[in-house]
Amino acid sequence: AQTVTQSQPEMSVQEAETVTLSCTYDTSENNYYLFWYKQPPSRQMILVIRQEAYKQQNATENRFSVNFQKAAKSFSLKISDSQLGDTAMYFCAFIPRGHEKLTFGTGTRLTIIP
Amino acid sequence: DTAVSQTPKYLVTQMGNDKSIKCEQNLGHDTMYWYKQDSKKFLKIMFSYNNKELIINETVPNRFSPKSPDKAHLNLHINSLELGDSAVYFCASSHADRDHEQYFGPGTRLTVT
């Protein structure tokens, strides 16, 4: 069974600073996908970024980037130049290739302080 | 323009009632899902349908019954509602053979009193 661990229940950072959210996972699969989802107070689940395990290059989407360490089974999210609108719950998620079951971590509540 | 829609967004009902939540996606995806998010924000999959066929059925009470009339719709019917069913229920869809990205609906907050 796959597990996803987010060890930081809450984090806060000043606006414009950089923050890194941690995620580790456990799996025996070799091909899989990793995601970060954002859930603002509006409740909507928004896909922030994704990473294919077979790609060595770290994914980047504007201010969001990941540090994917396959051997260490680590998948951290870096938010640069943080903005007030980044305040949200952030969930790390894992799915093996060819499967349908997405496993989520317990989330990190991120607060951007003005 | 809405990709994955759910109705209703809020549902308040009494214990013992039967209720349904509807979900529709216009993304052309072949797989749809129901997730439950509890009060601690933990998200767990309940069901998954691929082309109207049930492929994931996690340990969920029999009072929960998903129904997929076609590829674009996946409804969730809940019988004999209990206090512990209070949660936010999310519908999602994906094209499982492609990039595995799941797109979520806005969620339905169910409150059982």
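In the block above lies the structure referred to throughout.
Residues numbered from 1 in each chain as written. Chains lettered and ligands numbered in written order. Predicted model: local features only at pLDDT ≥ 70, side-chain atom pairs only at ≥ 80, totals over all residues. Heavy atoms only, no water.

Describing the pattern of salt bridges
For the record, the criterion: Salt bridges are identified by distance alone: a Lys or Arg side-chain nitrogen within 4 Å of an Asp or Glu carboxyl oxygen. Helix and strand definitions follow DSSP, with helices as H or I runs of at least four residues and strands as E runs of at least two, each counted in order from the N terminus. The buried label applies to any residue whose accessible area, calculated with a 1.4 Å probe on protein chains only, is under 20% of its type's maximum; exposed applies above 50%, and partly exposed to all values in between.
Using the criterion set out here, one finds 8 salt bridges over all chains in the structure. For the salt bridge of R50(A) with E101(B), the shortest nitrogen-to-oxygen distance reads 3.1 Å. With R50(A) in strand β6 (residues 46–52) and E101(B) in the loop between β9 (87–94) and β10 (103–104), the pair connects residues from two separate chains. Given the relative accessible area of 12%, E101(B) is considered buried. The closest approach of N and O atoms between R63(B) and D85(B), which form a salt bridge, is 2.8 Å. Taken together, the positions of R63(B) in the loop between β6 (53–57) and β7 (64–70) and D85(B) in the loop between β8 (73–78) and β9 put the pair 22 residues apart, joining distant regions of the chain. What emerges from the salt-bridge pattern is a single network uniting R50(A), E52(A), K55(A) and E101(B).

Describing the packing of aromatic side chains
Where we set the bar: Between 30 and 60 degrees the pair is tilted, below 30 it is stacked and above 60 it is edge-to-face, where a pair is any two Phe, Tyr or Trp rings, Trp via its six-membered ring, whose centres lie within 6.5 Å. Charge over a ring is defined by NZ of Lys or CZ of Arg lying within 6 Å of the ring centre and within 35 degrees of the ring normal.
Under the defined criterion, the tally for this structure stands at 15 aromatic pairs over all chains. Look at Y32(A) and F94(A): their rings are 5.0 Å apart centre to centre, the planes differ by 40°, and that puts the pair in the tilted class. Of this pair, Y32(A) sits in strand β5 (residues 32–39) while F94(A) sits in strand β10 (residues 88–96), and the two are 62 residues apart along the sequence. Accessibility assignment for this pair places Y32(A) and F94(A) in one class, buried. Ring centres 6.2 Å apart and planes at 35° place the aromatic pair Y33(B) and Y35(B) in the tilted group. For the pair formed by Y33(B) and Y35(B), the shared burial category is buried. Taken together, the aromatic side chains of F35(A), Y37(A), F91(A), F104(A), Y33(B), Y35(B), F90(B) and F104(B) make up a single cluster linked through ring pairs. We note R43(A) situated over the ring of Y10(B); from NZ or CZ to the ring centre the distance is 5.0 Å.

What about the environment of N58(A)?
All names here are of chain A. This is how the line gets drawn: Contact definition: two residues touch when any of their heavy atoms are within 4.5 Å. What qualifies as a polar contact is a pair of N or O atoms within 3.5 Å, subject to a donor-acceptor requirement within protein and to the restriction that residues adjacent in sequence count only when both atoms come from side chains.
Checked against the element boundaries, N58 lands in the loop between β6 and β7 (60–61). The residues touching N58, leaving out its near neighbours within four places in the chain, are Q51, V66, N67 and F68. A polar side-chain atom of N58 sits 2.9 Å from the main-chain amide nitrogen of F68.

Some thoughts on the state of the cysteines
Selection criterion: Cysteine sulfur atoms are paired as a disulfide whenever they fall within 2.5 Å.
Going through the model one piece at a time under the given rule, you end up with 2 disulfides over all chains. Between C23(A) and C92(A) runs a disulfide, and the two sulfur atoms are separated by 2.0 Å. Handedness of the C23(A)-C92(A) disulfide follows from its S-S torsion of about -70°: it is left-handed. Of the two residues, C23(A) is situated in the loop between β3 (19–21) and β4 (24–26) and C92(A) in strand β10; the sequence distance between them amounts to 69 residues. You'll find C23(A) and C92(A) in the same group, each marked buried. Here C23(B) pairs with C91(B) through a disulfide, and the sulfurs are 1.8 Å apart. In this structure the cystine formed by C23(B) and C91(B) twists about its S-S bond by roughly -75°; its chirality is therefore left-handed. With C23(B) in strand β3 (residues 19–25) and C91(B) in strand β9, this pair connects stretches of sequence that are 68 residues apart. For the pair shown, C23(B) and C91(B) are each scored as buried.

Structural measurements only, silent on function.
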